[in-house]
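Here is how the chains run, residue by residue.
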Amino acid sequence: MPRTYIGALRGFDDGTDVVIYGWLQEARIMKNVSFLILRDNTGIIQATFKNDEATLETIKRINRESIVKVQGVINKKSVSKSGIEIKGTSVSVVNEAEAPLPLPVIDPVQADLETRLNSRFIDLRKRNVSAIFRIESSLLWGIREYLHGQNFIEVHTPKIVAAATEGGADLFPVRYFEKDAYLNQSPQLYKEVLMSAGFDRVFEVGPAFRAEEHNTTRHLNEFTSIDIEMSFADHNDAMSMLENAIKSGVENAIRTKNDDFEALGISISVPETPFPRITYEKCIELLSSEGIDFKFGDDFSPDHLRMIGSRFKGFYFITEWPASVRPFYTMPKQDDPKLTNSFDLQYREIEVTSGAQRVHDPKMLVERFREKKLDVKSFQFYIDAFKYGMPPHAGWGLGLERHTMILLGLNNIRETTLFPRDRTRIVP
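Attention in this report is confined to the structure presented alongside it. All values derive from a computational prediction rather than experimental measurement.

Scoring rules and cut-offs
- Residues numbered from 1 in each chain as written.
- Predicted model: local features only at pLDDT ≥ 70, side-chain atom pairs only at ≥ 80, totals over all residues.
- Heavy atoms only, no water.
- Helix = DSSP H or I, 4+ residues; strand = E, 2+ residues; numbered from the N terminus.
- Expected span 1.5 Å × (residues − 1).
- Salt bridge = Lys/Arg side-chain N within 4 Å of Asp/Glu carboxyl O.
- Buried < 20%, exposed > 50% of the residue type's maximum accessible area, 1.4 Å probe, protein only.
- Pairing = 2+ DSSP bridges.
- Axes fitted to C-alpha atoms, helices over the stretch in contact; angles between N-to-C directions.
- Contact = heavy atoms within 4.5 Å.
- Parallel < 35°, antiparallel > 145°, perpendicular 65-115°, else oblique.
- Left-handed = near helix turned anticlockwise from the far one by under 90°.
- Nonpolar A, V, L, I, M, F, W, Y, C, P; charged D, E, K, R; others polar.
- Phe/Tyr/Trp six-rings, centres within 6.5 Å; stacked < 30°, edge-to-face > 60°.

Thoughts on helix α4 (residues 127-149)
At step 1: Here α4 contains 23 residues, and its C-alpha end-to-end distance of 33 Å stays within 8% of the 33 Å for a straight helix at 1.5 Å per residue.
At step 2: N151, located one to two residues past α4, shows a positive phi value of around 70°.

Set out below in structure tokens:
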């Protein structure tokens, strides 16, 4: 008899024979009957057994979190909380768990995050922990659906590269046969090359690596990046695409993951679009009105952003950043070259992502390389793509884990990362 998922049991008639597999969450042995609470990734069910000698002996030996197989009959007249149970006819251990467990799964005992991450395979069995990743998956699927609907194609670019995407030293070096190489910071350069190839609209979901020596609750050294690039577009087009992609992701999560939101004890609402926009220079004026002296060309501190973000309910864009603080590929503003056609998406004081219109003129691009004191020869493959008809283009990159952390109101990005990689953690 084939396996039936616990979540599908309600669709069967009363009295149907079924076989289920799952983790033994709890066993309660009474005088005449025993109750097994089983869990799989679709739900929880109670199986009831009469205490004959062989069955009782088997149940007594089963440790919590062992994998068990139960065969029985669906009982929809059950008085259990779920209103449905299995009248068990046989139970067997498929794979026995050791005791004691490294972490509790259902007991109300709290463990610190580091301890949880050390035994992540157990931690992820908790309903409120796995719920985070079901929602994260749904957010990503909604974004993917939106982008496909806007005629984007999904691509996959190299993660071992010869040159830094944004310059600087925040790179992980690797030895690539006889050559020096790096783990890629972003698919940025390759996305732009694909614009020259005529792909018009591309997106990628993949790992990105930053060798930044952060020890914060918002940064990882490996994260999942959702990147887009679109031709014949500017920063305004990119912002519109970003806010609508986020909206689509949230809509999909709300529509499909109600049980997971309930497990977390939270609810979220669909953000209103368009998101507010405020220029970098307007931010300086706002800070000045609060008596804060701020130098043009500096970055905003968390306190600055907290003050700016207090003017907005949720997501908002800071636009037209100075050219001095933006990467070489960012397009200068036509009527004021000290500014750029760029943006950061913020949620209160937290930076969600950044994006921009890109430089598409090869001469201007080389000038920008020199302004940033970067080695032009290291980027020759990239520059060559601009010499033979590069359309105007724009894009952005969105970190999935930070985005999920913000939407769910969590305090640490490691909560939204299956196996985090930071300065101190490389296993599991």
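Some remarks on the pattern of salt bridges
At step 1: Tallied over the full model, the rule gives 32 salt bridges.
At step 2: The salt bridge partner of D14 is K77, with a shortest N-O separation of 2.7 Å. Of this pair, D14 sits in the segment before β1 (17-29) while K77 sits in the loop between β4 (67-75) and β5 (85-95), placing them 63 residues apart in sequence.
At step 3: Classification of D14 as partly exposed rests on a relative accessible area of 36%.
At step 4: Its salt-bridge partner being R358, residue E229 comes within 2.7 Å of it at the nearest N-O pair. Linking E229 in strand β11 (residues 222-231) with R358 in the loop between β17 (350-357) and α10 (362-371), this pair joins segments that are 129 residues apart in sequence.
At step 5: Look at R358 and you get buried, because its relative accessible area is 2%.
At step 6: Because the salt bridges share partners, they merge into one network encompassing R116, R120, D123, K126 and E415.

Observations regarding the pairing of β11
At step 1: With eight of 10 residues buried, β11 lies mostly within the body of the structure.
At step 2: Pairing of strand β10 (residues 201-209) with β11, which is carried by nine bridges, proceeds in the antiparallel orientation. Bridging across to β11, V202 finds its partner in E229.
At step 3: In terms of strand pairing, β11 meets strand β18 (residues 393-399) through seven bridges, oriented antiparallel.

What to know about unusual backbone geometry
At step 1: Residue P100 is bonded to the preceding A99 through a cis peptide linkage, with omega at 0°.
At step 2: Inspection of the secondary structure assignment puts P100 in the loop between β5 and α2 (113-118).
At step 3: One non-glycine residue, F177, adopts positive backbone phi at about 55°.
At step 4: If you trace the backbone, F177 turns up in the loop between β8 (172-176) and β9 (179-183).

Examining the sheet that holds strand β7 (residues 160-161)
At step 1: Ordered by their spatial adjacency, three strands build an open sheet running β7-β9-β8, and the pairing between neighbours is antiparallel. What marks the edges here is a single partner per strand, and that holds for β7 and β8.
At step 2: Relative to β9, β7 runs antiparallel, the two sharing two bridges. Its bridge partner being in β9, V161 is matched across the sheet by Y182.

A look at the sheet that holds β1
At step 1: With mixed pairing, the five strands of this closed barrel are ordered in space as β1-β2-β3-β5-β4. Neighbour-to-neighbour, the strand axes of this sheet turn through a mean angle of 50°, independent of strand direction.
At step 2: Bridge count for strand β3 (residues 43-50) against β5 is three bridges, and the pairing is parallel. Opposite T48, over in β5, you have K87 as the bridge partner.
At step 3: Against the sheet, helix α1 (residues 53-61) engages β1, β2 (33-40), β3 and β5, with an angle of about 65° to β1.

Looking at the packing of α4 against helix α12 (residues 400-408)
At step 1: α12 packs onto α4 with a crossing angle of 115° between their chain directions and a minimal axis gap of 10 Å. Comparing their axes, α12 and α4 come out roughly perpendicular. The two elements α4 and α12 meet at a crossing, and its hand is right-handed. For the pair formed by α4 and α12, the contact residues are I132, I135, E136, L139 and L140 on the first element and L400, E401, T404, L407 and L408 on the second.
At step 2: Residue composition of the contact of α4 with α12, by class: seven nonpolar, one polar and two charged.

Thoughts on the pairing of strand β15 (residues 336-340)
At step 1: For strand β14 (residues 332-333) and β15, the ladder comprises two bridges, and the chain directions are antiparallel. The residue of β15 that forms the bridge with P332 is T340.
At step 2: The hairpin turn running from β14 into β15, its antiparallel successor, is two residues long.

With respect to the packing of helix α8 (residues 280-289) against helix α9 (residues 302-309)
At step 1: Where α8 meets α9, the closest approach of the two axes is 10 Å, and the angle between their N-to-C directions is 95°. Considered as vectors, α8 and α9 are oriented roughly perpendicular to each other. Contacts from C283, L286 and L287 in α8 reach H304, M307 and I308 in α9.
At step 2: Across the contact of α8 with α9, the residue classes tally to five nonpolar, one polar and no charged.

A word on the packing of aromatic side chains
At step 1: Considering all chains together, one arrives at 20 aromatic pairs under this definition.
At step 2: Here Y190 and F381 contribute two aromatic rings whose centre-to-centre distance is 5.5 Å and whose plane-to-plane angle is 35°, an arrangement assigned as tilted. Taken together, the residues span a long stretch of sequence, with Y190 in helix α5 (residues 188-196) and F381 in helix α11 (residues 380-384) at a distance of 191 residues.
At step 3: Look at Y190 and you get partly exposed, because its relative accessible area is 22%.
At step 4: Consider the rings of F294 and F300, whose centres lie 4.8 Å apart with planes at 25°: the pair is stacked.
At step 5: Judged by its relative accessible area of 6%, F300 is buried.
At step 6: Taken together, the aromatic side chains of F328, Y329, F369, F379, Y382 and F386 make up a single cluster linked through ring pairs.

In short, the description is geometric, and any link to function would need to be established separately.
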